[in-house]
Amino acid sequence: MSDIDEKDIHSFVDAVSVYFRQITGEKAEIRSAYLVEGGVAATTFDLTGYISFSGSFSGRVYFSAPRGMVRHLLLMMKEFNHAEEQLLDAVGEVANTIAGNARKHFGSDMEISVPVTVATSDGWLDTVVSPRSYVIMIKWKQYKASVVVDIQHA
Amino acid sequence: MKLLIVDDSTIIRSRIARTLSHPKLAFIQVVGMAQNGVEAISLFAQHMPELVTMDITMPKMDGVACTEKLIQIKPDCNILVISALSDKATALKTLKKGARGFLYKPFSDEVLVAAFLELVSS
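Residues numbered from 1 in each chain as written. Chains lettered and ligands numbered in written order. Predicted model: local features only at pLDDT ≥ 70, side-chain atom pairs only at ≥ 80, totals over all residues. Heavy atoms only, no water.

### Section: the overall build of chain A
The number of helices and strands found in chain A is four helices and seven strands. Listed by position from the N terminus, the elements making up chain A come as α-β-β-β-α-α-β-β-α-β-β. By its C-alpha atoms, chain A is 40 × 35 × 25 Å across when sized along the principal axes. Within the span of chain A, comprising 154 residues, buried residues form 52% of the whole. Carbon and sulfur atoms form 49% of the exposed surface of chain A, whose accessible area is close to 6600 Å². In chain A, 14 side chains carry a positive charge and 19 a negative one; their mean positions are 7 Å apart. (Helix = DSSP H or I, 4+ residues; strand = E, 2+ residues; numbered from the N terminus. Buried < 20%, exposed > 50% of the residue type's maximum accessible area, 1.4 Å probe, protein only. Areas by Shrake-Rupley, 256 points an atom, 1.4 Å probe, with all protein chains shown as cover. Lys, Arg positive; Asp, Glu negative; His and termini not counted. Charge placed at Lys NZ, Arg CZ, Asp CG, Glu CD.)

As structure tokens, then:
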């Protein structure tokens, strides 16, 4: 079981909501937040950005999204270069923003890394996250994405 | 006025640069873009800009250390920190190092324009 609680998870949900509202002017639907255990999978999409935590917490937070959604987000930012490296930069920046905003709840003793980005295939998240991870499913327009919170007290 | 943009994200760097096409910011000219603190110091010494936007979490040298170095070089430089680290302690730390303003990510274009105008008017 995770040693983080509902309020901790909610700080990430809030950060996701704020991100979409601020960047797109629209609300993202947070569809569910569930614990990865008992064979429940964490959904992986085309591109994933993640931030590692150190200090008072350890672990990672992942943002995984399909290319179509990332291109659409870039358009909302008036960014018309949609090369693969731009798309990866975008998922890294989303992960960074979500982690940075959530740190307000955890305190500045929680250090966050620079983003790491990966072009991911189906099931990748399940190979890297622990069974105590929480998955937050997001729906924005016709797209689905996931935020996986895999952190524990150090 | 000359502006140096410091952020490890290409998208954020180009977004900040694009915002400068706003008519109220026509007096600002981008003289360089750096993706980490080390690059920023080199470009800063080369151009001596009056304005800098500074990310915090970056590879090689973070924005807090970089802010301190830039202020040592040019104490009257106006540094606007733009970061996702939205806790008060981080903002205070950069302000103590000499930054003049702090803007939280994610931000809208309107908020960024207002932040630039406030920075230069102060």
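Once the structure has been displayed, the description carries forward.
### Comments concerning the pairing of strand β3 (residues 57–65) of chain A
Residue and element names in this part refer to chain A. Taking burial as the measure, the nine residues of β3 include seven buried ones, the bulk of the element. Pairing analysis gives seven bridges linking strand β2 (residues 47–55) to β3, with the strands arranged antiparallel. For Thr48, the partnering residue across the bridge sits in β3 and is Ser64. Two successive antiparallel strands, β2 and β3, enclose a turn made up of one residue. (Pairing = 2+ DSSP bridges.)

### Some thoughts on the environment of Thr120 of chain A
All names here are of chain A. Mapped onto the fold, Thr120 is located in the loop between β5 (116–119) and α4 (124–128). Residue classification places Thr120 among the buried residues on the basis of a relative accessible area of 9%. Expressed as a C-alpha distance, the spacing of Thr120 and Val61, which sit 59 residues apart in the sequence, is 15 Å. Discounting chain neighbours no more than four positions away, the residues touching Thr120 are Thr44, Phe45, Asp46, Leu47, Thr48 and Ser64. (Contact = heavy atoms within 4.5 Å.)

### Remarks on the nonpolar core
Judged by nonpolar contacts, the single largest core of 68 residues is most densely connected at Phe12, Phe63 and Val149 of chain A. With 10 residues, helix α3 (residues 84–106) of chain A is the largest single contributor of residues to this core. Here Phe63 of chain A is in contact with Leu47, Thr48, Gly49, Val91, Val94, Ala95, Ile98, Ile138, Ala145, Ser146 and Val147 of chain A, once residues within four sequence places are set aside. By size, the runner-up hydrophobic cluster in this structure holds 17 residues, among which are Leu80, Leu112, Val113 and Leu119 of chain B. (Core = buried A, V, L, I, M, F, W, Y, C linked by side-chain atoms within 4.5 Å.)

### Details of the environment of Ser32 of chain A
Of note, Ser32 of chain A is situated in strand β1 (residues 29–35). Apart from the residues within four sequence positions on either side, Ser32 of chain A is in contact with Val135, Ile136 and Met137 of chain A.

### Overview of the pattern of salt bridges
Two side chains carrying opposite charge are able to pair once their charged atoms lie near each other. Throughout the structure, instances matching the rule amount to 12 salt bridges over all chains. One salt bridge in this structure joins Arg31 of chain A and Glu29 of chain A, with 3.4 Å as the shortest N-O distance. In this structure, Glu79 of chain A engages Arg18 of chain B in a salt bridge whose closest nitrogen and oxygen atoms are separated by 3.4 Å. One end of the pair, Glu79 of chain A, is in the loop between α2 (67–76) and α3; the other, Arg18 of chain B, is in helix α1 (residues 10–19), on a second chain. Connected through salt bridges with shared partners, the residues Glu93 of chain A together with Asp7, Asp55 and Lys105 of chain B form a single ionic network. (Salt bridge = Lys/Arg side-chain N within 4 Å of Asp/Glu carboxyl O.)

### Some words on the interface of chain B and chain A
Each partner contributes residues to the interface: chain B has 22 residues there, and chain A has 23 residues. Overall, the association of chain B and chain A removes approximately 1900 Å² of surface from exposure, summing both partners, and the carbon and sulfur fraction of that is 54%. Our enumeration of links across chain B and chain A arrives at four salt bridges. Residues Glu93 of chain A and Lys105 of chain B are paired through a salt bridge, measuring 3.0 Å at the closest nitrogen-oxygen approach. (Buried area = accessible area lost by both parts, 1.4 Å probe.)

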